[in-house]
Amino acid sequence: MTATANSVTLDNKKYARLLARTLPVVIETEEENERMLAEVDKLMGKNPLTPEESKLFDLMVRLIEDFEEEAYPMGDVSPHQMLKYLMEARGLSQADLLPIFGGRGRVSEVVNGKRGISKDQAKKLGEFFHVSPELFI
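Residues numbered from 1 in each chain as written. Predicted model: local features only at pLDDT ≥ 70, side-chain atom pairs only at ≥ 80, totals over all residues. Heavy atoms only, no water.

Overview of the layout of surface pockets
Considered as a void within the structure, the largest pocket measures approximately 760 Å³ in volume. Lining the largest pocket we find 27 residues, and of these Glu68, Leu86, Arg90, Phe129 and Val131 sit closest to its centre. At seven residues, the largest contribution of residues to the lining of the largest pocket is made by helix H2 (residues 30–44). Partitioning the lining of the largest pocket into residue classes produces 17 nonpolar, three polar and seven charged. Empty space within the second largest pocket amounts to approximately 250 Å³. Lining the second largest pocket we find ten residues, and of these Phe57, Asp58, Leu59, Val61 and Arg62 sit closest to its centre. (1 Å grid on protein atoms, 1.4 Å probe; cavity = no way out; pocket = protein on both sides within 12 Å on 5 of 7 lines; lining within 4 Å. Points joined across faces, edges and corners; volume = space filled by probe spheres on them. Helix = DSSP H or I, 4+ residues; strand = E, 2+ residues; numbered from the N terminus. Nonpolar A, V, L, I, M, F, W, Y, C, P; charged D, E, K, R; others polar.)

In structure tokens:
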């Protein structure tokens, strides 16, 4: 049996096996959040994702975002502060952002707030960090 989601056909049995293996839940503790982040990291290392893995990935990212928005409210944060926070939280260096910004000088200027983030860069950052591009605008 298959189901259609956003014009992609999912194999319900494969998706059910993935759900049973990862057991995604509404995250209520830091331990659950860490477990869910580890599952997301596993999927991020795989390319390409099957339709079922992609759907599971989207679900887990949403669960993580919901938990982190409630557990760690950011308030009014500038785009470059948000970028620095996400980099620190994930243990990234400026070199990790070279594919998005193109050059070391440009990365440094953006991270340090000396250069703004374009809409295209915000979109790429959103995809890279799996967050809304609005955080960078």
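Quick look at the pattern of salt bridges
Applying the stated criterion to the full structure yields four salt bridges. The partner of lysine 42 in a salt bridge is glutamate 39, and the shortest N-O contact between them spans 3.5 Å. You can see lysine 42 and its partner glutamate 39 sitting in helix H2, three residues apart, about one turn around the helix. Take glutamate 39: its relative accessible area is 14%, and that puts it in the buried class. Between lysine 46 and glutamate 53 there is a salt bridge whose closest N-O contact spans 2.4 Å. According to the relative accessible area criterion, lysine 46 is partly exposed, its value standing at 37%. Glutamate 53 sits in the buried class, given a relative accessible area of 9%. (Salt bridge = Lys/Arg side-chain N within 4 Å of Asp/Glu carboxyl O. Buried < 20%, exposed > 50% of the residue type's maximum accessible area, 1.4 Å probe, protein only.)

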